Amino acid sequence: MFNLFLISLAVLALISIITEEITHINKAKTTLFLGCIAWISLFIDASLQGHSQQISHELDENLLEIATLWLFLMSTMTFVAYLNAKGLIQVLIAKIFPAQLSVRKLMLMIAIFALVLSAICDNVTATLVSIGLLTSFKLHWRMRRRISVLIIFAVNSGGVALITGDVTTLMIFLDGHLSMSQLTVLFVPAITSVALLALLFSRNASGMVHTTAVNRQYSGVDLLIAAIFALTIAMTMVLNVWFAIPPVLTFLCGLSVMFLLGQLNHSDSEEIKILEYVRQIEFDTLLFFLGILLLVGMLKQIGSLDVLAQIYSQYSPHLSNYFTGIVSAFLDNVPMTAALLKAQPLLSTPDWLGLTYAVGVGGSLLVVGSAAGIIAMSRVKELTFTSYLKYLPSLLLCYSLGYGLTLLMADWLYG
């Protein structure tokens, strides 16, 4: 009965997200409130049963995961806020995109950009930069929402083929189930499914867009900070692969270099001191993450994710992997993947590749199913839980195509 009460809190949180447009109650506040209530309830129950120390340890682990993500988000969002304020993102657009292009071509170019960027850096950074590019164009709100959905799918798809792009891919790799060369096979289904979605979304898309002429004045320090951002992304990959250094540590180091450089070169004429760009971060995004991850941690604590692992083992791996990806749209794919790895299923190389694709891309089916979706929803006001559902058939079709293509290629190469 107690577990049902806790699960009902998670369901209530989902309902509050769905009905935000109707209630006008900020989803960050409702999820944070229900996440805190869930853990308070766990502590009360543990105290009555004499297990307070154990639940305290579990909360510490959950908060450590959340704090790591918070600090990582804070670092990347501060970089992006600075580069956007200085107009360097607009300069990047002017360099990459033609002065005039069709909406269809814009859609394809942004999808490719998001996919490639997410493969070489984390999904959070790729989403922030891609959404920043999108919002710089003057588009109808419906088209802006549609391309935001495409970005989410492209970011999640691009991250599955390299260990630097997705946490679940890294987890499966580190557990010794796949090699880096085997993972690169996933590029083909990822690119194919994203291209299909871009094609579907480009129907009835007409008109031309223009890149805004950039007349922003920026200093050598601004360019140096942009270079520090790029170097930080590169070093995050290198240091993580070579020395297993957590990405958050590298990004915090890069952020500290940014602050030191700004302090050394600060002039009184600058409107905003460089450290104060932290204040421009949208903390609603961080609070939403906090609430969601508290609820996911609670579900992990009461064993709901372990039940999923048991159900997984009862069916064919091809079928189980496919539906595991769909379930990852409702539950965080990291603890779910961890639970599956802990269960040690006996899978072939094609099945491990299928699982990697499924848990990496399946979260795209719902806007709250991935970090990319949550960030995009907080940055694009037209993108809500209910409006995202409109695109579910197309997303499910492209996900299914990518998963099927993964199995075909994997069976052909490794079967």
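Let me begin by describing the structure that accompanies this report. The structure presented is a predicted model; accordingly, all values stated were derived computationally and were not measured. (Residues numbered from 1 in each chain as written. Predicted model: local features only at pLDDT ≥ 70, side-chain atom pairs only at ≥ 80, totals over all residues. Heavy atoms only, no water.)

1. Considerations on the overall build of the protein
Move 1: Scanning the protein from N- to C-terminus turns up 21 helices and two strands.
Move 2: For the protein, whose C-alpha radius of gyration is 21 Å, the value lies close to the compact-globule estimate of 22 Å for 415 residues.
Move 3: Taken over the C-alpha atoms alone, the protein extends approximately 65 × 50 × 50 Å along its principal axes.
Move 4: Out of the 415 residues in the protein, the part that is buried amounts to 52%.
Move 5: In the protein, 80% of the contacts between residues at least 6 apart in sequence involve partners at least 24 apart.
Move 6: When the accessible surface of the protein is summed, it comes to about 18900 Å², and 66% of that surface belongs to carbon and sulfur atoms. (Helix = DSSP H or I, 4+ residues; strand = E, 2+ residues; numbered from the N terminus. Rg over C-alpha atoms; globule rule 2.2 N^0.38 Å. Buried < 20%, exposed > 50% of the residue type's maximum accessible area, 1.4 Å probe, protein only. Contact = heavy atoms within 4.5 Å. Areas by Shrake-Rupley, 256 points an atom, 1.4 Å probe, with all protein chains shown as cover.)

2. So, the pattern of salt bridges
Move 1: Per the counting criterion, the structure on display carries one salt bridge.
Move 2: Arg144 serves as the salt-bridge partner of Glu382, at 2.5 Å between the closest nitrogen and oxygen. A residue pair is termed long-range when its members are at least 10 positions apart, and Glu382 in the loop between α19 (371-379) and α20 (385-389) and Arg144 in helix α8 (residues 141-158) qualify at 238 residues.
Move 3: Taking the relative accessible area as the measure of exposure, Glu382 reaches 13% and is therefore buried.
Move 4: For Arg144, a relative accessible area of 17% puts it in the buried group. (Salt bridge = Lys/Arg side-chain N within 4 Å of Asp/Glu carboxyl O.)

3. Here's the deal with the side chain of Thr406
Move 1: Looking at the element boundaries, Thr406 is found in helix α21 (residues 392-414).
Move 2: Residue Thr406 is classed as buried on the basis of its relative accessible area, which comes to 1%.
Move 3: In terms of polar contacts, Thr406 uses its side chain to reach the backbone carbonyl oxygen of Gly402, at 2.8 Å.
Move 4: Apart from residues lying up to four places away in sequence, Thr406 is in contact with Leu186, Pro189, Leu353, Gly354 and Tyr357. (Polar contact = N/O pair within 3.5 Å; in protein donor to acceptor, adjacent residues only side chain to side chain.)

Remember that the coordinates give geometry; whether it matters functionally is a separate question.
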